[in-house]
Amino acid sequence: MADESTNEVIRLEVEMDLVPDWSNALEAIGRRYGEAMELGVEGEKLIVRIEVVAERKRELMAAIRHTWDRFVTHRKATGRW
């Protein structure tokens, strides 16, 4: 990841039962709003780290919230929640 002092790294944990659906969505969001992104595994979770400049953090978090709400609604509607 870049070494910019004005950037922040957002660390998100994804339960393995939500991979690849939710992790793919987070990856797409990270590529759109972030400066850099890393994926890794810690124990039973996928870790997504998105580096974002301060000016775009609000947009990034709003996109994650919006996409999560849609994701949950869809999973509940299809009986996968």
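Just above sits the structure.
Since the model is a prediction, treat every value here as computed from it, not as a measurement.

**What about the overall build of the protein?**
Consideration 1: A tally of regular secondary structure across the protein gives 2 helices and 3 strands.
Consideration 2: For the protein, the sequential pattern of α-helices and β-strands runs β-α-β-β-α.
Consideration 3: Across the 81 residues in the protein, those meeting the buried criterion constitute 32%.
Consideration 4: Once local pairs closer than 6 in sequence are excluded, the contacts in the protein between residues at least 24 apart make up 65%.
Consideration 5: Taken as a whole, the protein presents about 5400 Å² of accessible surface, with 47% of it coming from carbon and sulfur.

**Structural notes on the environment of S23**
Consideration 1: Among the structural elements, S23 can be located in helix α1 (residues 21-33).
Consideration 2: By relative accessible area, which is 6% here, S23 ends up buried.
Consideration 3: With 18 residues separating them along the chain, S23 and V41 place their C-alpha atoms 12 Å apart.
Consideration 4: Apart from the residues within four sequence positions on either side, S23 is in contact with V14, L18 and L46.

Parameters at a glance
- Residues numbered from 1 in each chain as written.
- Predicted model: local features only at pLDDT ≥ 70, side-chain atom pairs only at ≥ 80, totals over all residues.
- Heavy atoms only, no water.
- Helix = DSSP H or I, 4+ residues; strand = E, 2+ residues; numbered from the N terminus.
- Buried < 20%, exposed > 50% of the residue type's maximum accessible area, 1.4 Å probe, protein only.
- Contact = heavy atoms within 4.5 Å.
- Areas by Shrake-Rupley, 256 points an atom, 1.4 Å probe, with all protein chains shown as cover.

Function cannot be read off these values alone, since they describe shape.
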